[in-house]
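Chain by chain, the residues:
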Amino acid sequence: MLVLVAALAAFPTAAAEDDGKISVEVFVEAFCPYSQEFVSRALNPALQAEGVADIVDLTFAQCGHCRPDKTQETGFECQHGADECSANKMIACGVDAAAEKGPSAVSSYASCMFSLPKGWMVDPGYTRQCAEAIEVDQDEIFACGTGDDGSDKLKVHYKLTEKAGVTNPDEKMAVDEDAEEKPKRNPVPWVIVDGTVLEDPLKVRKAICDVQAKRGQSVPSGCNEPPPTSLPDSEPAKNVETA
């Protein structure tokens, strides 16, 4: 079972425990190079690997370091500007549509979108290839991504992101690298597997497979594929347990 990002009633960990799947929570933003690299080099290969998606209960939140701002057209302020908010909105609509087809469809769509140059993420002439690759309706996604439905979806993604501590609405968005006190928010990509934040997000497949093995369950053959190397120049989070 895939936990739809639009369903806030139950946070994914509880649902994953109920059906025996492993909870994987992913928090990213459109213009972050580390988010892009994580999705394309780690998450998507992991969920395309034989049998891995079958044991995963995925939550994919496309908001990153965003926060509500009624003065903006999208209703949000994003770390990399207004264009990133528009891209986040479009991708949120796409991954929600893809969710009906399972975790591998979500990662495939997101990976395709993240591979596009920034300005193309909201251009239906370019994004259509991402929708068609997983057989979802691009016209519906575009209508969602440019309308009120997309704004509503982004609000849901934001709520998930805020709950995970990835964003803090009380902190300013811009980061002064020389400042002694940095904003109180977690870095992206922020990835939680079975309740544990990953120190190295690129090891998401290993984390999933390790949990499966520790549970004494059959480990998919896709777990045997080699993982990618660590993200360069990234600032990984501490390995901590989450409630």
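Each remark here, short or long, concerns the structure printed above.
Residues numbered from 1 in each chain as written. Predicted model: local features only at pLDDT ≥ 70, side-chain atom pairs only at ≥ 80, totals over all residues. Heavy atoms only, no water.

This part is about the state of the cysteines. Here the structure, examined in full by the defined rule, presents 5 disulfides. Across the disulfide from Cys-63 sits Cys-66; the S-S distance is 1.6 Å. Because the sign of the S-S torsion sets the handedness, a value of about 70° for the bond joining Cys-63 and Cys-66 places this disulfide among the right-handed ones. Considered together, Cys-63 and Cys-66 belong to a single accessibility category, that of buried residues. The disulfide bridge from Cys-93 ends at Cys-144, spanning 2.0 Å between sulfur atoms. Looking down the S-S bond of the Cys-93 and Cys-144 bridge, the torsion is -70°, so its handedness is left-handed. Residue Cys-93 is located in helix H3 (residues 82-98), and its partner Cys-144 is located in helix H6 (residues 138-145); the two are separated by 51 residues in the primary sequence. (Disulfide = S-S within 2.5 Å. Buried < 20%, exposed > 50% of the residue type's maximum accessible area, 1.4 Å probe, protein only. Helix = DSSP H or I, 4+ residues; strand = E, 2+ residues; numbered from the N terminus.)

Right, let's get into the pairing of strand S2 (residues 56-62). Among the 7 residues that make up S2, 7 are buried, leaving the element largely enclosed by the rest of the structure. Side-chain alternation along S2 places Val-56, Leu-58, Phe-60 and Gln-62 on one buried face and Asp-57, Thr-59 and Ala-61 on a second face that is also buried. For the segment spanning strand S1 (residues 22-28), helix H2 (residues 33-48) and S2, crossover handedness is right-handed. (Right-handed = clockwise from strand over helix to strand, strands pointing away.)

As enumerated under the stated definition, the model contains 2 aromatic pairs in all. A ring pair is formed by Trp-120 and Tyr-126, whose centres lie 3.8 Å apart and whose planes are at 10°; its orientation type is stacked. With a relative accessible area of 31%, Tyr-126 lands in the partly exposed category. (Phe/Tyr/Trp six-rings, centres within 6.5 Å; stacked < 30°, edge-to-face > 60°.)

Mapped onto the elements, Ala-92 comes out in helix H3. According to the relative accessible area criterion, Ala-92 is buried, its value standing at 0%. Remark: the alpha-carbon pair of Ala-92 and Ala-110, spanning 18 residues in sequence, is separated by 9.2 Å. Contacts of Ala-92, omitting those with residues within four sequence positions, involve Gln-62, Lys-153 and His-157. (Contact = heavy atoms within 4.5 Å.)

Turning our eyes to something else, we now look at the nonpolar core. One recurring pattern in soluble globular proteins: nonpolar side chains tend to sit buried together. Counting residues in each nonpolar core, the largest one holds 51 residues, and the members touching the most others are Phe-38, Val-193 and Val-204. The element that contributes the greatest number of residues to this core is helix H4 (residues 103-114), accounting for 7 residues. If sequence neighbours within four positions are ignored, Val-193 has contacts with Ile-22, Ser-23, Val-24, Leu-198, Val-204, Ala-207, Ile-208 and Val-211. Phe-27, Leu-160, Val-166 and Ile-192 belong to the second largest nonpolar core, which has 10 residues in total. (Core = buried A, V, L, I, M, F, W, Y, C linked by side-chain atoms within 4.5 Å.)

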